[in-house]
Amino acid sequence: TYKSFIISAVEKSTVDVLMAEEQLIEASGIFNHLVIELQEALKNIGSDINEDLGRNFASLSQAINLMMAVFAVAVFGAFVSSFYLSKTLTRDLNLLIGSIDDISHGKKDVSIPEVSSGEELIALARGLEVFQKTLKKVDEQRWSMQENNKLLKLEIEERERTESDLLETRARFQYALDHNPTII
């Protein structure tokens, strides 16, 4: 390892300067190799993050578009039906519309009213319940993706700090070698 080559070079410097210099050169090569591997790993992580985000955002966008289309069709059907139905159906329909409105304004824990008239309204109430559950899942997935993204960014920052520390240590060591040859 890099550390063992440095220690070996310091120990050998008291015996043989040429051998110590060879050890330091070999340690420098190992350090350079470590830096290159770290850079490649960071590049791969960045690429993986971009791919994951692209896939997740595309899937999320498609799901939202589909849910919005289903929602629009359901609302349109509800309004058309209200013109032809009796007062009982209109009352049930108005209850459902109130729930849809609440959901569209961001309320996630709206209780869906039970309707007692018309198969179409009962089906609409069930569809609204499914839509509400799906919307909650989408919000949970969005939150999870944001948390994962934060964790990945923290990991990248940590790796960048480690790389910076390694480069700084190398520079200090090289400076000490260049300006104080008696260390060897």
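Residues numbered from 1 in each chain as written. Predicted model: local features only at pLDDT ≥ 70, side-chain atom pairs only at ≥ 80, totals over all residues. Heavy atoms only, no water.

Asker: Just checking my understanding: could you explain the overall build of the protein chain for this structure?
Answerer: Within the protein chain one finds four helices and zero strands. Put simply, the protein chain runs from its N terminus to its C terminus through helices and strands in the order α-α-α-α. Counting the 184 residues in the protein chain, one finds 23% classified as buried. Within the protein chain, residue pairs in contact and separated by at least 24 positions form 66% of the contacts whose partners lie at least 6 positions apart. Summing over all exposed atoms, the protein chain offers an accessible surface of approximately 12900 Å²; the carbon and sulfur share of this is 59%. (Helix = DSSP H or I, 4+ residues; strand = E, 2+ residues; numbered from the N terminus. Buried < 20%, exposed > 50% of the residue type's maximum accessible area, 1.4 Å probe, protein only. Contact = heavy atoms within 4.5 Å. Areas by Shrake-Rupley, 256 points an atom, 1.4 Å probe, with all protein chains shown as cover.)

Asker: What is the right way to read the packing of aromatic side chains from this model?
Answerer: Two measures describe an aromatic ring pair: the distance that separates the ring centres and the angle between the ring planes. Scanning the model with the defined rule gives one aromatic pair in all. A centroid spacing of 5.3 Å and a plane angle of 20 degrees characterise the contact between Phe71 and Phe131, whose relative ring orientation is stacked. Residue Phe71 is found in helix H2 (residues 17–82), and its partner Phe131 is found in helix H4 (residues 119–179); the two are separated by 60 residues along the sequence. The class of Phe71 is partly exposed, set by a relative accessible area of 23%. (Phe/Tyr/Trp six-rings, centres within 6.5 Å; stacked < 30°, edge-to-face > 60°.)

Asker: Honestly, the side chain of Gln132 in this entry has me stumped. Any pointers?
Answerer: With respect to the secondary-structure elements, Gln132 resides in helix H4. What makes Gln132 buried here is its relative accessible area of 9%.

Asker: Looking at this structure, how should I read the confidence of the model for the protein chain?
Answerer: Low pLDDT means the predicted atomic positions in that stretch should not be read closely. This prediction gives the protein chain a mean pLDDT of 79; 80% of its residues lie at or above 70. Element-level pLDDT for the protein chain is lowest in helix H1 (residues 2–13), with a mean of 63, against a maximum mean of 88 in H4. (pLDDT = per-residue confidence, 0-100.)

Asker: Even after reading the chapter, I still don't get the nonpolar core, so can you show me in this structure?
Answerer: By size, the foremost hydrophobic cluster in this structure holds 16 residues, and its most contacted members are Leu96, Ile103, Ile112, Leu121, Leu124 and Leu128. At the level of secondary structure, the elements contributing two or more residues to this core comprise H2, helix H3 (87–104) and H4. Ranked by residue count, the leading element in this core is H4, at six residues. In this view, Leu96 contacts Ile112, Pro113, Val115, Leu121, Leu124, Ala125 and Leu128; residues no more than four positions away in its chain are not counted. (Core = buried A, V, L, I, M, F, W, Y, C linked by side-chain atoms within 4.5 Å.)

Asker: Hey, could you run me through the environment of Asp139 in this one?
Answerer: Within the secondary structure layout, Asp139 lies in helix H4. Expressed as a C-alpha distance, the spacing of Asp139 and Lys108, which sit 31 residues apart in the sequence, is 9.7 Å.

Asker: Just checking my understanding: could you explain H4 for this structure?
Answerer: Along an α-helix, a turn takes 3.6 residues, which lines up residues three or four apart on a common side. End to end, H4 covers 89 Å across 61 residues, agreeing with the expected 90 Å (1.5 Å per residue, within 8%). The complete set of buried residues in H4 reads Leu121, Leu124, Ala125, Leu128, Phe131, Gln132, Val138, Met145, Asn149, Ile156, Glu163 and Leu177. (Expected span 1.5 Å × (residues − 1).)

Asker: Explanation requested: the pattern of salt bridges in the structure shown.
Answerer: Close approach of charged atoms lets side chains of opposite charge pair. Summed over all chains, the structure comprises five salt bridges. Its salt-bridge partner being Glu147, residue Lys150 comes within 3.5 Å of it at the nearest N-O pair. On the criterion of helical spacing, the pair formed by Lys150 and Glu147 is a turn pair, its members being three residues apart in helix H4. Taking the relative accessible area as the measure of exposure, Glu147 reaches 26% and is therefore partly exposed. Close ionic contact of Arg161 with Glu158 constitutes a salt bridge, the shortest N to O distance being 2.7 Å. Of the two residues, Arg161 and Glu158 both sit in helix H4, three residues apart, roughly one turn of that helix. On the basis of relative accessibility, which here comes to 44%, the residue Arg161 falls in the partly exposed class. (Salt bridge = Lys/Arg side-chain N within 4 Å of Asp/Glu carboxyl O.)

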